[in-house]
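Notes for the structure review
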Amino acid sequence: MQVYREITPVTEEDFFFIQHHYKPDFDYPIHVHPEYELNLVLNCEGERIIGDSVEPFGPLDLVLIGPNVHHSWESSPSFQADNAKVITIQFREDLFGETMLRTKSMHCIFKMLKDSKRGIVFSGETLIIAIEKLEALSKLPSNFQSTLLFMELLNFLALSQEQRMLISEGFNQRTISIHSKRIDRVHNFLKDNFTRPVSLKEVAELANMSESAFSHFFKRSTNKSFTQFLIDLRLGHAARMLLETQENISQICYACGFNNVSNFNRLFKKHKGTTPQDYRKMFFATPNKTPSQFINRTA
């Protein structure tokens, strides 16, 4: 898969950089950059690619993307650009120092920035209010007032309950953030063993808990059942193998811990919305244009 590296306009002198695009062409190929990005798309519809997530979007779409997460928005063929616009904020990964992020007042923002490595999409009332804040921010000069509004926006988004992560756990295992040492120990075990059969009994013993107690504890900690978490981990790894290797579907199926190809195809389509074969074809489509701020690299 061809993934392009964007050379962003963010400099060391910028607290953040905001761009307002009217009538966007949506000609960006799948790309990455080392900065965080908050991207708002208005009055458009199409398909959004964030990591291994491929979803339709429109007419309002707001996503926060962490550093070096590949992404792209593509408008639908019938899209008319007359009323469409995009507001994009980019800021450096090292903008906030570790000491600052660890303070109580920054805890929610710290967690959101960590979660953004799996891509976060916002919805509901949060989306509506965020649009107002972004519109206001785009009209301000780069000064202390705009910095305060930017921080207010981040805090508002971080406190929202109307958010959803897009990238599955296994696609980039380094992005998983779990705040329990016991669950973290289980997760590290799963990362090393998901390619083989793993039983609930085995991981419950690792956590020194009964199966029933562990199931409830795991669900509270991760918001997923143990079985679903393991499936997502395997599917995320499978998605990455589909993009980064030439191995066939059967080889990938068994390499990711699934015991038969039919079950693998069924689960992949259920969770990704397409078959493994079509998923691979979709990502290997060659972009029509490559804007000048991109350099070519291979994922």
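Predicted model, so just to flag it, every value in this text is computed and none were measured.

Parameters and conventions
Residues numbered from 1 in each chain as written. Predicted model: local features only at pLDDT ≥ 70, side-chain atom pairs only at ≥ 80, totals over all residues. Heavy atoms only, no water. Helix = DSSP H or I, 4+ residues; strand = E, 2+ residues; numbered from the N terminus. Expected span 1.5 Å × (residues − 1). Buried < 20%, exposed > 50% of the residue type's maximum accessible area, 1.4 Å probe, protein only. Contact = heavy atoms within 4.5 Å. Pairing = 2+ DSSP bridges. Axes fitted to C-alpha atoms, helices over the stretch in contact; angles between N-to-C directions. Lys, Arg positive; Asp, Glu negative; His and termini not counted. Salt bridge = Lys/Arg side-chain N within 4 Å of Asp/Glu carboxyl O. Polar contact = N/O pair within 3.5 Å; in protein donor to acceptor, adjacent residues only side chain to side chain. Arc of directions from axis to C-beta.

1. Remarks on helix α3 (residues 124–138)
Between the first and last C-alpha of α3 there are 22 Å, a value that for 15 residues agrees with the 21 Å anticipated at 1.5 Å per step. Within α3, burial applies to Thr-126, Leu-127, Ala-130, Ile-131, Lys-133, Leu-134, Glu-135 and Leu-137. Elements that come into contact with the buried residues of α3 comprise β2 (17–22), β4 (36–42), β7 (60–65), β9 (85–91), β10 (120–122) and α4 (144–159).

2. Describing the pairing of β4
Counting buried residues along β4, 7 of its 7 residues qualify, which places the element largely inside the surrounding structure. Here β4 shows two buried faces, one formed by Tyr-36, Leu-38, Leu-40 and Leu-42 and the other by Glu-37, Asn-39 and Val-41. For β4 and β9, the ladder comprises 7 bridges, and the chain directions are antiparallel. Across the sheet, residue Val-41 finds its bridge partner in β9, namely Val-86. Where β4 lies against β7, 6 bridges are found, and the strand directions are antiparallel.

3. Considerations on the sheet that holds β7
The 6 strands are arranged β2-β9-β4-β7-β10-β11 in an open sheet whose pairing can be described as antiparallel. Either end of the sheet is taken by a strand with one partner, and the two such strands are β2 and β11 (163–165). Taking each pair of neighbouring strands and ignoring which way they run, the sheet shows an average axis angle of 15 degrees. Taken strand by strand, α4 contacts β4, β7, β9, β10 and β11, and its axis lies near 100 degrees from that of β9.

4. Topic: the side chain of Glu-6
One can find Glu-6 in strand β1 (residues 2–6). No salt bridge is formed by the buried Glu-6. Its closest oppositely charged neighbour is Arg-5, at 9.1 Å. A polar atom in the side chain of Glu-6 sits 3.5 Å from the side chain of His-31.

5. Notes on helix α5 (residues 181–193)
Helix length check: α5 (13 residues) gives 18 Å between terminal C-alpha atoms against 18 Å at 1.5 Å per residue, within 8%. Turning to α5, its buried residues number three or more, namely Ile-183, Val-186, His-187, Phe-189, Leu-190 and Asn-193. Seen along its axis, α5 keeps its buried residues to an arc of 160 degrees; they face one direction. What points out from α5, more than 90 degrees from its buried face, is the exposed set Lys-181 and Asp-192. Tucked into the core, α5 has its buried residues touching α6 (200–206), α7 (211–222) and α8 (226–244).

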